[in-house]
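Take a look at the letters that make up each chain.
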Amino acid sequence: MEIATAIKQVTGAKQIQASDTLQSLWSGYGEIRRYHLVGGSCPSVVVKQICPPLDPSRARHPRGWSTDHGHRRKLASYQVECHWYQHLAAKAPAECRLPRLYGYFESQQAQTIQQLLILEDLDAAGFPSRCRQLDLAGLLPCLAWLANFHAYYLQSQTLDDAQLGVQGAYWHLKTRPDEWQKMPAGILKQQAVALDLALANSSQTLIHGDAKLANFCFAADLQSVAVVDFQYLGRGCGMQDLAYFLRSSLAESSWEDTIPRGLDLYFEFFQAALACHNQALAADQIIAQWRPLFAIAWADFLRFLSGWRPGFELNRFDQEMIRQALLSLERT
């Protein structure tokens, strides 16, 4: 089905006035565009068009990771996201704003399946701002979003949904064997499995899996957020989202001062959210278990980076997180 026809079908629009390219999907697997509408139920929509290449070896990966394994991982991630929007997203807690799905379409093109997600335009819905970096105050709505998401899905039956990723996070060890092989010899490579097991054996929730700052859309006053891009949704420890989010959203020079405070604030939000969404679970026990896993989640992401980005150098904060992570592993 043509995109214009699909949009008109689900919105009742009379015509498509114009479209803007927002971004290409990673490695050239499609694109995201905004379509401005005349008539119908909304003034605009955002369409995520997923068009995998016929030959994955020719995919335009910026770091050359165009492998068959990577291709299959990407295809699986798009299936996860489409399933999320079709069957689960509408049931997410009100505190976790995300785009509404207007419609989903798929069609067979040559030897691949092309997919269309027609989504609410969050800019038009009141979330037009994007941030490249945050201070402590700017963290608050994002930490609240993550804490409510993790508290709501903690030990939820949703974790058993076979159509979701078995384990969340785009850098998850089992999905990155090529990157592990490229890692330099050292303690991170040696302890990769132990780091992974420590996270997998903790109390599990649904994690976003790609909770970088670029996926947070802010209201004009920066007091509230909506979140996009649920490809790597799946089972995991909330610290995986939190470590990745804090690393992506703060100036490196502020990490030593701001990250410990951000961790404390997250757990304050998490405790309140658990009392609201999941009263049967003991917040103190979960927090005591998860807090030392923050360093393990940070070290686990560094494990991925050290293989994916050859020549990656650890800074002082990274080295301290690895030290703490290894101490935690010794205690278990």
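Residues numbered from 1 in each chain as written. Predicted model: local features only at pLDDT ≥ 70, side-chain atom pairs only at ≥ 80, totals over all residues. Heavy atoms only, no water.

Colleague: So what's going on with the overall build of the chain? Which residues, and what values?
Modeller: For the chain, the helix and strand inventory stands at eleven helices and nine strands. Rg of the C-alpha trace for the chain: 20 Å, near the compact-globule value of 20 Å for 332 residues, within the 12% margin. Dimensions of the chain, computed from the C-alpha atoms along their principal axes, are close to 65 × 45 × 40 Å. The buried share of the chain, reckoned over its 332 residues, is 55%. Here the analysis covers contacts within the chain between residues at least 6 apart in sequence; of these, 72% occur between residues at least 24 apart. Just so you have it, the chain exposes about 15,200 Å², and 49% of that area is on carbon and sulfur atoms. Computing the positive centroid from 30 side-chain charges and the negative centroid from 32, the chain places the two 5 Å apart. (Helix = DSSP H or I, 4+ residues; strand = E, 2+ residues; numbered from the N terminus. Rg over C-alpha atoms; globule rule 2.2 N^0.38 Å. Buried < 20%, exposed > 50% of the residue type's maximum accessible area, 1.4 Å probe, protein only. Contact = heavy atoms within 4.5 Å. Areas by Shrake-Rupley, 256 points an atom, 1.4 Å probe, with all protein chains shown as cover. Lys, Arg positive; Asp, Glu negative; His and termini not counted. Charge placed at Lys NZ, Arg CZ, Asp CG, Glu CD.)

Colleague: Summarise helix H11 (residues 316-331); cite the residues concerned and give the values.
Modeller: Here H11 contains 16 residues, and its C-alpha end-to-end distance of 23 Å stays within 8% of the 22 Å for a straight helix at 1.5 Å per residue. Where H11 is concerned, the buried positions are Phe317, Asp318, Met321, Ile322, Ala325, Ser328 and Leu329. All buried residues of H11 project into a common sector of 140 degrees when viewed along the axis, lining one side. Turned more than 90 degrees away from the buried face of H11, the exposed residues are Arg316, Glu330 and Arg331. (Expected span 1.5 Å × (residues − 1). Arc of directions from axis to C-beta.)

Colleague: Summarise the pattern of salt bridges; cite the residues concerned and give the values.
Modeller: The final tally for this structure, using the stated rule, is 15 salt bridges. With its nearest N and O atoms 3.0 Å apart, the salt bridge here joins Asp123 to Arg34. Residue Asp123 is found in the loop between strand E5 (112-120) and helix H3 (136-153), and its partner Arg34 is found in strand E2 (residues 30-38); the two are separated by 89 residues along the sequence. In this structure Asp123 comes out as partly exposed when scored by relative accessible area, which is 26%. The partner of Arg261 in a salt bridge is Glu268, and the shortest N-O contact between them spans 3.6 Å. Arg261 gets classed as partly exposed once you look at its relative accessible area, which sits at 36%. Taken together, the shared-partner salt bridges connect Arg34, Asp121, Asp123 and Arg130 into one network. (Salt bridge = Lys/Arg side-chain N within 4 Å of Asp/Glu carboxyl O.)

Colleague: Tell me what's going on with empty space enclosed by the protein, and back it up with residues and numbers.
Modeller: Following the criterion strictly, the structure yields two cavities of 30 Å³ or more and no others. At the level of elements, helix H6 (192-200) and strand E9 (234-236) are the ones that each hand at least two residues to the lining of the largest cavity. The biggest single contributor to the lining of the largest cavity is H6, with three residues. Of the residues assigned to the lining of the largest cavity, the class counts are two nonpolar, six polar and two charged. (1 Å grid on protein atoms, 1.4 Å probe; cavity = no way out; pocket = protein on both sides within 12 Å on 5 of 7 lines; lining within 4 Å. Points joined across faces, edges and corners; volume = space filled by probe spheres on them. Nonpolar A, V, L, I, M, F, W, Y, C, P; charged D, E, K, R; others polar.)

Colleague: Let's hear about the layout of surface pockets: which residues, and what values?
Modeller: Within this model, the largest pocket holds a volume of roughly 1,200 Å³. If you trace the largest pocket, you find 45 residues lining it, with Gln23, Asp210, Lys212, Asn215 and Asp229 closest to the centre. Those elements that place two or more of their residues in the lining of the largest pocket are strand E1 (15-24), E2, strand E3 (44-50), helix H2 (68-88), E5, strand E7 (216-218), helix H7 (238-249) and helix H10 (293-308). Broken down by element, the lining of the largest pocket gets its largest block of residues, five residues, from H2. A breakdown of the residues in the lining of the largest pocket according to their chemical character gives 24 nonpolar, six polar and 15 charged.

Colleague: Can you break down the side chain of Thr158 residue by residue, with the values?
Modeller: Here Thr158 shows up in the loop between H3 and helix H4 (177-182). Not counting residues up to four positions away in its chain, the partners in contact with Thr158 are Leu88, Tyr153, Leu164 and Leu206.

Colleague: Give a detailed account of the packing of H3 against helix H8 (residues 255-277), specifying residues and quantitative values.
Modeller: Across the interface, H3 lies against H8 with an axial gap of 8 Å and an inter-helix angle of 40 degrees. Judged on the interaxial angle alone, H8 and H3 are oblique. In terms of crossing hand, the pair formed by H3 and H8 is right-handed. Residues Leu136, Leu139, Leu140, Leu143, Ala144, Leu146, Ala147, Asn148, His150, Ala151 and Tyr152 of H3 lie in contact with H8, whose contacting residues are Thr258, Arg261, Gly262, Leu265, Tyr266, Phe269, Phe270, Ala273, Leu274 and His277. For the contact of H3 with H8, the residue count by class is 15 nonpolar, five polar and one charged. (Axes fitted to C-alpha atoms, helices over the stretch in contact; angles between N-to-C directions. Parallel < 35°, antiparallel > 145°, perpendicular 65-115°, else oblique. Left-handed = near helix turned anticlockwise from the far one by under 90°.)

Colleague: Explain the nonpolar core to me, and be specific about the residues and the numbers.
Modeller: Residues Trp84, Met239, Phe245, Tyr266, Phe270, Trp290 and Phe294 are the most contacted members of the largest nonpolar core, which totals 89 residues. Among the elements that line this core, the one with the most residues is H10, at twelve residues. For Trp84, the contacting residues outside a window of four places in its chain are Ala89, Ala92, Leu98, Phe149, Tyr153, Leu206, Phe230 and Leu233. Counting residues in each nonpolar core, the second largest holds 13 residues, with Ala6, Ile7, Leu37 and Ile118 among its members. (Core = buried A, V, L, I, M, F, W, Y, C linked by side-chain atoms within 4.5 Å.)

Colleague: Can you lay out the pairing of E1 for me, pointing to particular residues and giving the numbers?
Modeller: Judged from the eight bridges that link them, E1 and E2 form a sheet pairing that is antiparallel. Looking at the pairing, Thr21 lines up with Arg33 of E2. Between the end of E1 and the start of E2, which pair antiparallel, lie five residues, with Ser27 showing a positive phi angle near 65 degrees. (Pairing = 2+ DSSP bridges.)

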